[in-house]
Amino acid sequence: MTLPSFVEEDETIGASSEAAQQQRLVVLRHSSTLSPSAPRYIDCVNKRPWDVPLASNHATGCVSKAEKLPDIAFGVVAISPFTCCTETAAAVLPGMNLSPDVKIFMHRGLSELHSMQHMFPRQSAPTIAQRFALWRWRSKRDVVPPEFATLAGVQVQKHVLGEWPTLPEDSNHAGGRFASAVKELLELAGGRSVLLITHADGVENVIHMARPGATIKSVDYLGHAEIARTLPDGSHLKQPSPWHLVEPSPYGESRCGVDLVSELMSSHERDTSLSAASSSSKWTNDRHRMDEALQNERLALESNPWWAMTDGA
């Protein structure tokens, strides 16, 4: 039998496997944002189209979600600095199992995909006023906002981690900076389990850590994914095992708010499902429409001296 590279050649996984420590990584998409019919929506979109807050009735869904999330004593919680994520954290975390010494961070690397479609919908480029507004918004989030300084009775770490994404940003670049953020947070966790509260692309990226070829059809508001790995135990395992996907299941219906194309489908069923996913997944459609123009758009923006006020912040 050929043993995996992380197992010593003269050993097998046996009696001590019960002592092996499992590290879990759970990623949660934020709750639903304001509907266009909400009275505050137009004002919010005019001021900060990239940072629409949560719907006024979000608390009920967040409390219910906290009860459904895995019962794990998280040692590290990291939150995107966008308002929809900090508001979700404030509503979800009080109902969750957190370690007594849990560390809560804001992390810029968990931010929303910085494509034009996501940050400035229906615009080819931001106005000068919007660029300045973005710069001011970022500046205020270089420190933890006072209203989120304490979450679930825990003081949020004052130092905000990571760097702001560039704008415009394509999905490949966003995946790279998200992976860097997750790596940093896992190192900070020191083997403890980690909870991320972020955006739909973040859920997709975590799933791909365990299943690089998985196709995500949709990620609902408050949808989550969980991956796990076994850490070195000092005898049998000499390095962490590969991540494996706990939720959503790649083989059937999922109840975690994330829908994958099942790996048990026939090729015809899979092609049909992929076609449906392509037409139903908003962020995938946006990505395909915008990525081709991103490089030219970036060059045009970076040549504008006004843009240095925001992108260089």
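Being a predicted model, the structure only gives us computed values, none of them experimental.

> Help me understand the confidence of the model for the protein in this model?
This prediction gives the protein a mean pLDDT of 82; 76% of its residues lie at or above 70. Confidence, read as mean pLDDT per element, is least for helix 10 (residues 308-311) in the protein (45) and greatest for strand 6 (residues 194-198) (98). Low pLDDT, under 50, characterises residues 6-18; the predicted model gives this stretch 25 contacts beyond four residues in sequence or across chains. Throughout residues 279-299 the model reports pLDDT below 50, and contacts reaching past four residues in sequence, or to other chains, amount to 31 contacts.

> What exactly am I supposed to notice about the packing of helix 2 (residues 58-68) against helix 3 (residues 83-92) here?
Each pair of packed helices gets described by two things: the angle between the helix axes and the distance between those axes. The interhelical angle for the contact between helix 2 and helix 3, taken along N-to-C directions, is 60°, at an axis separation of 8 Å. With respect to their mutual orientation, helix 2 and helix 3 come out oblique. Judged by the twist between their axes, the crossing of helix 2 over helix 3 is right-handed. Side by side, helix 2 and helix 3 meet where His58, Cys62, Val63 and Ala66 of the first sit next to Glu87, Thr88, Ala91 and Val92 of the second. Here the contact of helix 2 with helix 3 is composed, by residue class, of 5 nonpolar, 2 polar and 1 charged.

> Is there a simple way to explain unusual backbone geometry in this structure?
With the exception of glycine, most residues fall at negative phi, and the peptide bonds are largely trans. Look at the link from Leu167 to Pro168: it is a cis peptide, with omega at 0°. Mapping Pro168 onto the fold places it in the loop between strand 5 (154-155) and helix 6 (171-189). Of note, the amide linkage connecting Glu247 to Pro248 takes the cis form, showing an omega dihedral of -5°. Mapped onto the elements, Pro248 comes out in the loop between strand 9 (244-247) and strand 10 (258-260).

> Teacher, can you tell me more about the nonpolar core here?
Considering soluble globular proteins, one finds that nonpolar side chains tend to be buried as a cluster. Grouped together as the largest cluster of nonpolar side chains are 39 residues, with contacts concentrated most on Val77, Ile79, Leu93, Met96 and Ile104. Where this core is concerned, the elements lending two or more residues are strand 1 (22-29), helix 2, strand 2 (74-79), helix 3, strand 3 (98-106), helix 4 (116-119), helix 5 (128-140) and strand 6. Apart from the residues within four sequence positions on either side, Val77 is in contact with Leu93, Leu98, Val102, Lys103, Ile104, Phe105 and Leu195. In terms of nonpolar packing, the next biggest core, distinct from the first, is built from 30 residues, Phe105, Leu110, Phe178 and Cys256 among them.

> So what exactly am I meant to see when it comes to the packing of aromatic side chains here?
This model, assessed by the stated rule, comprises 5 aromatic pairs. Each ring, one from Trp50 and one from Trp137, has its centre 6.0 Å from the other, and the planes form 75°; the classification is edge-to-face. Of the two residues, Trp50 sits in the loop between helix 1 (41-47) and helix 2 while Trp137 sits in helix 5, which places them 87 residues apart along the sequence. For Trp137, a relative accessible area of 4% gives the class buried.

> Teacher, can you tell me more about the pairing of strand 6 here?
Sheet faces and side chains relate simply in a regular strand, where the side chains alternate between the two faces. Of all 5 residues in strand 6, 5 are buried, a share of seventy percent or more. Judged by which residues are buried, strand 6 turns out to be covered on both faces: Val194, Leu196 and Thr198 on one side and Leu195 and Ile197 on the other are all buried. Here 5 bridges tie strand 1 to strand 6, and the two strands are oriented parallel to one another. The residue bridging Val27 from the neighbouring strand is Leu196, located in strand 6. Sheet analysis places strand 2 next to strand 6, joined by 4 bridges and oriented parallel. Directly across from Val76, in strand 6, lies its bridge partner Val194.

> Would you take a moment to explain the sheet that holds strand 1 for this structure?
Within a sheet, each strand pairs with its neighbour through backbone hydrogen bonds, oriented either parallel or antiparallel. Read across the open sheet, the 6 strands follow the order 3-2-6-1-8-9; overall the sheet is mixed. The open sheet has two free edges, formed respectively by strand 3 and strand 9, since each of these has just one partner strand. Recorded for the sheet is a direction-independent mean angle of 20° between the axes of neighbouring strands. In this sheet, strand 9 lies alongside strand 8 (residues 224-230) in antiparallel orientation, the contact comprising 3 bridges. Bridge pairing in strand 9 places Glu226 opposite Glu247. Sitting on the sheet, helix 6 touches strand 1, strand 2, strand 3, strand 6 and strand 8, and the angle it makes with strand 6 is about 145°. Against the sheet, helix 7 (residues 200-210) touches strand 1, strand 6, strand 8 and strand 9, its axis set at about 150° to strand 1.

> What exactly am I supposed to notice about the pattern of salt bridges here?
Should their charged atoms come close, side chains of opposite charge can pair. With the rule as written, the count across this model stands at 7 salt bridges. With a closest N to O distance of 2.6 Å, Glu226 and Arg24 form a salt bridge. Of this pair, Glu226 sits in strand 8 while Arg24 sits in strand 1, and the two are 202 residues apart along the sequence. Look at Glu226 and you get buried, because its relative accessible area is 2%. Relative accessible area serves as the criterion here: at 27%, Arg24 is assigned to the partly exposed category. Among the ionic pairs, Asp101 bridges to Arg192, the shortest N-O distance being 2.9 Å. Linking Asp101 in strand 3 with Arg192 in the loop between helix 6 and strand 6, this pair joins segments that are 91 residues apart in sequence. Of the residues examined, Arg192 reaches a relative accessible area of 23% and is grouped as partly exposed.

Analysis parameters
Residues numbered from 1 in each chain as written. Predicted model: local features only at pLDDT ≥ 70, side-chain atom pairs only at ≥ 80, totals over all residues. Heavy atoms only, no water. pLDDT = per-residue confidence, 0-100. Helix = DSSP H or I, 4+ residues; strand = E, 2+ residues; numbered from the N terminus. Contact = heavy atoms within 4.5 Å. Axes fitted to C-alpha atoms, helices over the stretch in contact; angles between N-to-C directions. Parallel < 35°, antiparallel > 145°, perpendicular 65-115°, else oblique. Left-handed = near helix turned anticlockwise from the far one by under 90°. Nonpolar A, V, L, I, M, F, W, Y, C, P; charged D, E, K, R; others polar. Core = buried A, V, L, I, M, F, W, Y, C linked by side-chain atoms within 4.5 Å. Buried < 20%, exposed > 50% of the residue type's maximum accessible area, 1.4 Å probe, protein only. Phe/Tyr/Trp six-rings, centres within 6.5 Å; stacked < 30°, edge-to-face > 60°. Pairing = 2+ DSSP bridges. Salt bridge = Lys/Arg side-chain N within 4 Å of Asp/Glu carboxyl O.

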